[in-house]
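The residues making up each chain are set out below.
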Amino acid sequence: MERNKNKDKISLVVPCYNEEESLPYYYNAINTLAKEWKSIDIEMIFVDDGSKDKTLNIIKDLAEKDKRVKYVSFSRNFGKEAAMYAGFEHATGNYITTMDADLQDPPELLKEMYKILTEEDYDSVGVRRVTRKGEPVIRSFFARMFYKIINKMSSTEMVDGARDYRLMKRKMVDAILSLKEYNRYSKGLFSFVGFKTKWLEYENVERVAGETKWSFWKLFKYAIEGIVAFTTTPLVISSFIGILLCFVSFIFIILIIIRTLVFGDPVSGWPSLACIIIFIGGLELFCIGIIGEYLSKTYLETKKRPIYIMRETNINKK
Ligand code: UDP
Ligand code: MG
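Residues numbered from 1 in each chain as written. Chains lettered and ligands numbered in written order. Predicted model: local features only at pLDDT ≥ 70, side-chain atom pairs only at ≥ 80, totals over all residues. Heavy atoms only, no water.

Chemist: Explain the side chain of Thr 92 residue by residue, including any values.
Modeler: Tracing the backbone shows Thr 92 in the loop between helix H3 (80-90) and strand S4 (95-98). Within the structure, Thr 92 has its side chain in polar contact with the side chain of Lys 9 (distance 2.8 Å). (Helix = DSSP H or I, 4+ residues; strand = E, 2+ residues; numbered from the N terminus. Polar contact = N/O pair within 3.5 Å; in protein donor to acceptor, adjacent residues only side chain to side chain.)

Chemist: Describe in detail the pattern of salt bridges, supporting the description with residues and values.
Modeler: Scanning all chains against the criterion turns up 19 salt bridges. Of the charged contacts in the structure, one is a salt bridge between Lys 111 and Glu 36, with a shortest N-O distance of 3.3 Å. In this pair, Lys 111 sits in helix H4 (residues 109-119) while Glu 36 sits in helix H1 (residues 23-36), placing the two residues 75 residues apart along the sequence. Given the relative accessible area of 31%, Lys 111 is considered partly exposed. Arg 144 serves as the salt-bridge partner of Asp 160, at 3.9 Å between the closest nitrogen and oxygen. Linking Asp 160 in the loop between helix H5 (137-153) and strand S6 (162-169) with Arg 144 in helix H5, this pair joins segments that are 16 residues apart in sequence. With relative accessibility at 41%, the residue Arg 144 sits in the partly exposed group. Via salt bridges that share partners, Lys 80, Asp 100, Asp 105, Arg 163, Asp 164 and Lys 187 belong to a single interconnected network. (Salt bridge = Lys/Arg side-chain N within 4 Å of Asp/Glu carboxyl O. Buried < 20%, exposed > 50% of the residue type's maximum accessible area, 1.4 Å probe, protein only.)

Chemist: Got a sec to walk through the state of the cysteines? Specific residues and values, please.
Modeler: Two cysteines form a disulfide when their sulfur atoms are joined by a covalent bond. Using the criterion set out here, one finds 0 disulfides in the structure. Of the cysteine sulfurs around Cys 246, a residue in no disulfide, the closest is that of Cys 287, at 11 Å. Owing to a relative accessible area of 54%, Cys 246 belongs among the exposed residues under this scheme. (Disulfide = S-S within 2.5 Å.)

Chemist: Which residues make up the side chain of Thr 98, and what values do they have?
Modeler: With respect to the secondary-structure elements, Thr 98 resides in strand S4. Thr 98 gets classed as buried once you look at its relative accessible area, which sits at 1%. At 3.3 Å, the side chain of Thr 98 and the backbone oxygen of Val 13 are in polar contact. Apart from residues lying up to four places away in sequence, Thr 98 is in contact with Val 13, Pro 15, Met 84, Phe 88, Asp 105, Asp 164, Tyr 165 and Arg 166. (Contact = heavy atoms within 4.5 Å.)

Chemist: Could you give an account of the coordination of the magnesium ion (ligand 2), with specific residues and numbers?
Modeler: Around the magnesium ion (ligand 2), the protein supplies Asp 100 (OD), Asp 102 (OD) and Gln 104 (OE1) as donor atoms, at distances of 1.9 to 2.3 Å. Residue class for Asp 100 comes out buried when judged on its relative accessible area of 15%. Asp 102 gets classed as buried once you look at its relative accessible area, which sits at 2%. (Donors = N, O, S within 2.8 Å, 3.2 Å for Na, K, Ca; no water.)

Honestly, it's all geometry; don't read function into it.
Next comes the structure, spelled out in structure tokens:
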């Protein structure tokens, strides 16, 4: 666990959820990289996020053969965010990054990232995909929309196409670890802590094996999480709609009074009335729903539940 004082050490945090197929490829790729990159120590921290397949066994086998392999295994699936947090917590390197286990984050980029961090005045180097090749069109469309909307609403900047793959200096990771919220939206957290980030661009790479763990529904919920965690603008919008409707209805009342005084009061127009009531009712429920989202997140945060629960590890905590 001790770090060689003269050598920089890079910790690779790898969240793994049912990755038995891609893990061997990943390990080989890193092994090859490490062999030709002697000036650097590398440690791999595999975080088994409650996998249901043989992921943990594979990791344990690797750890047996290779002292650079560390692992943390969760008691159940806590999500990638929790896995990243656990990995950062256990990382001992002075440079730290998180990587997908499916080789979608090209290991070759590490050298370039490291070079930038040592030679230029940056604290982190991130990568962003400039293409979304290989992704379903609908998914890309919604992803783009999401970034447009959240960047309008939130003062924390979210970079479209940014991956979680970014090499960071220790101090930035410590800052991220100091944010102990339960509902974690990393893209926002990375940006929230600040520091100087340089972006490298690359073309999307498809996973080597296995399947994506993100269904459309999961991504949708994740997007809501991001919005609720980083902006309260939806609350302002709902108040605004409320005020606007009060104003409109006030004008209508005046118009109707005038009409009744001038033309008498023939009973008609109930269908339009019904429509208006349904419309307003729907709007009210929508706004209550928005408030509910925030309230539920507040509720969950106040419980102060742990971000993850560990079942086993080969790391002795300092
Ligand atoms: N992952 C995880 N827990 C989850 C879902 C995903 O640790 O609940 C890991 C997964 O094993 C992978 C990374 O997070 O290493 C990214 O997932 P995936 O490749 O499925 O997402 P995509 O790249 O398709 O967005
Ligand atoms: Mg992936």
